[in-house]
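Observations on the model geometry
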Amino acid sequence: MKITFHGAAREVTGSAHIVTINGKNILLDCGLFQGKRKEAFEKNRNFLVDPSKIDVMLLSHAHMDHSGNIPTLVKNGYKGKIFCTDATADLCEIMFQDCARIQIHDIEFVNRKRAKQGKKLFEPLYTVEDANIAAKHLAPIPYSAPFKIFDNIEVCFHDAGHIMGSAFTEINFKENGSAKKLMFTGDIGRRDIPILKDPVVIKDIDYLITESTYGDRRHPPAANVKAALKEVVDKICATKGKLIIPAFSVGRTQYVVYLLNKLYAEGQICPLPIFVDSPLSSAATDVYRKHRECWDSAAVEFLIDGRKPFDFENLRYTESVEESKSLNEMSGPMIIISASGMCEAGRILHHLKNNITDPRNIILIVGYMAENTLGRRIAEHRKEVKIFGTPLPLRAQVEEISALSAHADEFEMLDYFDKCGASHIEHAFCVHGEQNALDFFSERLREAGMKNVHIPSPGEVFEM
Ligand SMILES: [Zn+2]
């Protein structure tokens, strides 16, 4: 077996790894690189391998840093199926389209500048049509249902408890007469978080490719999240400002809505209007409503009580651009939950631009912010941030609830691998993390008993 690390190697976005077994190239994830525009532009366009040489693709979950470059892959010659869970397929269909629109919008911005400079214009990474063609390659498979991809190679998806449809990928294979098991985590979810079931424990792993996003950090207890959210909502009710929550459309948005729903039902927060202002978030919430097979027992209990997890009286999912714009004219207190998660595109940029200079407002960070993103600069409380090219003073308050994370932290990941049987693992590869997290977490995995722990560099190949 051979593993080639193409993306999310010593970085956090662009997840893509090729596992070669019995001469077959299996691509795990095909995520979008996010970050500095020029670098992302290059990396997203140039695959390290010819897509037509890939025999099959397995997708862990629908987040863009894991799935967002699939349309480029298909556009450049990938002809095979893309296996994933049912909910992931539903989510990807809407997310590919949305991402295409962002790519087109982004390139128009770049091209306006280039046109003025008399430079050659760029094409978008992919179009809506490319996105639709790519979605046709998605092949949904239920959780816990093993399926054969080639002779002597069988795959099974297990619930990863990270976002709806997220999966751990288990590959059982026989090579040169010996049977081995490889596990690719995609992103590792957390136990006891709302809506989703707990991550499924996989035993007898020989080779492991694991994410490391929060490998050097500990989240506050998840039980405190509701109380922390209540505190921030109370603050905004007092200042009568606007609480702006940049949240990933898939996962974080539904998590926040679910908790606000609970706080509202229990009479714990003032009855302020709450808006989910992102067409993608609304569409993603439809997928969350549909896939009840992914809900945990507490989410199901909502229905038993005659209520709905993602809908309540004061909550509104905006539809038109006009309605989104009208939120500017409204006075607080109010809550606007908008995409994108790292504040790089979408309606959130308009809300930030309109509200970031007013000290009555609060920007609530609820997710991971990669380096070189606007979200990161806000989370770092920079004095000034650039939005749409205009420098603006950051006067709004910035709060953070890191326990809302959908990623397991160091302690949770170690606990998970302990249950899997860490000492059985011959080779572990730490990917999807910034350098500090990778260094720290790889050391913890060694201490946990894993024999060979590696931090692969981009393009690095390991043969076992
Ligand atoms: Zn993810």
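Residues numbered from 1 in each chain as written. Predicted model: local features only at pLDDT ≥ 70, side-chain atom pairs only at ≥ 80, totals over all residues.

All right, on to the environment of C237 then. Within the secondary structure layout, C237 lies in helix α6 (residues 225-239). Residue classification places C237 among the partly exposed positions, given that 18 C-beta atoms sit within 10 Å. Spatially, the C-alpha atom of C237 lies 9.7 Å from that of I335, the residues being 98 residues apart in sequence. Excluding anything up to four places from it in sequence, C237 contacts C270, L272 and P333. (Helix = DSSP H or I, 4+ residues; strand = E, 2+ residues; numbered from the N terminus. Buried ≥ 20, exposed ≤ 12 C-beta atoms within 10 Å, placed from the backbone. Contact = placed C-beta atoms within 7 Å.)

Here we come to the domain arrangement of the chain. Domain parsing of the chain yields domain 1 (2-217 + 406-463) and domain 2 (222-404). Just the C-alpha atoms count here: the centres of domain 1 and domain 2 sit 27 Å apart. At the junction of the two partners, domain 1 supplies 28 residues and domain 2 supplies 29 residues. Here the side of domain 1 that touches domain 2 is composed, by residue class, of 14 nonpolar, seven polar and seven charged. (Domains from an automatic or database assignment. Nonpolar A, V, L, I, M, F, W, Y, C, P; charged D, E, K, R; others polar.)

Another point: the nonpolar core. Core analysis: the largest hydrophobic core is formed by 139 residues, its most contacted members being L91, M95, F96, L243, I245, V256 and L364. Examining the composition of this core, we find that ten residues originate from one element, helix α4 (residues 86-116), more than from any other. Inspection of this core shows a minimum of three residues originating in each of domain 1 (2-217 + 406-463) and domain 2 (222-404). (Core = buried A, V, L, I, M, F, W, Y, C linked by C-beta atoms within 7 Å.)

Another point: the packing of α4 against helix α5 (residues 128-135). At a closest axis distance of 8 Å, the pairing of α4 and α5 adopts a crossing angle of 160 degrees. Of the possible angle classes, the one that applies to α4 and α5 is roughly antiparallel. Handedness of the α4/α5 crossing: right-handed. Contacts between α4 and α5 involve C92, E93, F96, Q97, C99, A100 and R101 from the first element and V128, D130, A131, A134 and A135 from the second. (Axes fitted to C-alpha atoms, helices over the stretch in contact; angles between N-to-C directions. Parallel < 35°, antiparallel > 145°, perpendicular 65-115°, else oblique. Left-handed = near helix turned anticlockwise from the far one by under 90°.)

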